[in-house]
Amino acid sequence: MPSPKKAKSANTMWGGRYAAGPSEIMGRINPSIDIDKRFYAEDIAGSLAHAAMLAKQGIISAKDHKAIVGGLAMVKAEIEAGRFEFKTALEDIHMNVESRLAELIGPAAGRLHTARSRNDQVATDFRLWVRNAIDTLDRAMTALQAALLDKADAHAGAVMPGFTHLQPAQPVTFGHHMLAYVEMIARDRGRFADCRRRLNENPLGAAALAGTSFPIDRHATARALGFDRPMANSLDAVSARDFALEFLGAAAICAGHLSRLAEELVIWTTPQFGFVRLSDAFTTGSSIMPQKRNADAAELVRAKAGTILGAFTGLAAVVKSLPLTYAKDLQEDKPPVFTAFDSLELGLAAMAGMIADMTVNEAALRARALAGYTTATDIADWLVRARGLPFREAHHVTGRIVRLAEERGCGLEELSVADLKTIDARLDQAALDVLSLDRSVASRTSFGGTAPKNVRAAAKAARRKYLGKAKP
């Protein structure tokens, strides 16, 4: 069997030990530049902070520092202009940037890597990138909350069936339903914020794993990069990826919330429900059935939850058995995070767009609320409150009323006082009055309840709490 093909020469960035290049297969499996070139801005920011610290500490000269700063600015400009040639042979973003820097400024570029390693460099880049990603997602989650709050305000008094087991349960308002998702997204924002606080420590200066003998100032680089502090242990600094797992965990939970809302939109847009309508902007047609209007945007948001959950599971499997400190397995930490971020950012934007776009059919909502005996609990509550019955007895009496309505093929509100008295003599016109949908929802004034006045007050409070402003 022929031996694998060898590259022509060793990678000069590795130093003098390697006389021959890697095999062709190694040349394919080892590089990460196609993935981590996404770190270019964070990598250059880290290098600028590191160079400034080296100069201040007298480890490199002011002249070399000036050359490095100018050269890195040129490298960044080339990348952003699309003129930079990313080379697979240089493996990753760190070596690509450093190699180009050497071409631009000469030997001074070689002094930039003093007192650091690609191990602490990539850990720093990754934390900076995830921190920025969280900030981006927070803006997207805020936009979704704003769209939900607009719909909550617009339909604060629109009565619809509330469901348990996807069966009509009690009447609620559409605005109240929207506010439930506002709260879910608020918790998602909180989880990401917690993740951001925990990850905001600086690995730079941990070097390969043991720290360095150079007189560096890790607090200075932490301040320059916006970190709260340096990481306390050099071994942990280069090997920890729990911040990425925590990010993916928060992303998976958030995607689950989006998936629940997407599922409801898929159901609500069917003719069988007809609760809402999405415009052409967020639906697609069929190549064979001209009448179709498919809620494909919602279906795709629903599917992305699986992609994001898979990303979390994949990274958890990668890191679960790694001994300290760095291992090449950690090269596989970035693809799931990038995939999850891209999927969640797009899903949040699509959901915010759909919520803002949808037209709510209040008549259909009301008709469905009437159809499911959703005010039955109101009679039971009335019997407890007005007639002093134990709730279990009141529940039994109400069940008989529902059975009578089913036998008659009518709604509860269509029964007469005489009908009610055939069930229990204590029922009268006041009992019949509580069967009104509007009275039912208006009565739910407990904190967090569905009464329209509660919904309007809750929406106003949520705008201040989550958006930092009142409704314009």
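The preceding data block contains the structure.
The structure contained in this document is the topic of the report that follows.

Cut-off values and rules
Residues numbered from 1 in each chain as written. Predicted model: local features only at pLDDT ≥ 70, side-chain atom pairs only at ≥ 80, totals over all residues. Heavy atoms only, no water. Core = buried A, V, L, I, M, F, W, Y, C linked by side-chain atoms within 4.5 Å. Buried < 20%, exposed > 50% of the residue type's maximum accessible area, 1.4 Å probe, protein only. Helix = DSSP H or I, 4+ residues; strand = E, 2+ residues; numbered from the N terminus. Contact = heavy atoms within 4.5 Å. Phe/Tyr/Trp six-rings, centres within 6.5 Å; stacked < 30°, edge-to-face > 60°. Lys NZ or Arg CZ within 6 Å of the ring centre and 35° of its normal. Pairing = 2+ DSSP bridges.

For the rest of this paragraph, the subject is the nonpolar core. One finds F174, F192, F247, L344 and M351 to be the most contacted residues of the largest nonpolar core, which totals 96 residues. Looking at this core element by element, the count peaks at 17 residues for helix α10 (residues 242–268). When sequence neighbours within four positions are dropped, the list of residues in contact with F247 reads V130, A133, I134, L137, F192, C195, V337 and F341. One finds V397, C410, L420 and V434 within the second-largest nonpolar core, a separate group that totals 22 residues.

Counted by the stated rule, this structure contains eleven aromatic pairs. Look at F84 and F86: their rings are 4.8 Å apart centre to centre, the planes differ by 55°, and that puts the pair in the tilted class. Here F84 falls in the buried class, since its relative accessible area comes to 10%. Consider the rings of W268 and F275, whose centres lie 6.1 Å apart with planes at 45°: the pair is tilted. According to the relative accessible area criterion, W268 is buried, its value standing at 3%. Among the aromatic side chains, those forming a connected cluster through ring pairs are F39, F126, W129, F243, F338 and F341. Here the guanidinium or amino end of K334 rests over the ring plane of F126, the centre of that ring lying 5.8 Å away.

The next subject is the pairing of strand β2 (residues 167–173). Examined bridge by bridge, strand β1 (residues 159–164) and β2 share six bridges and lie antiparallel to one another. Pairing of V159 across the sheet is with T173, part of β2.

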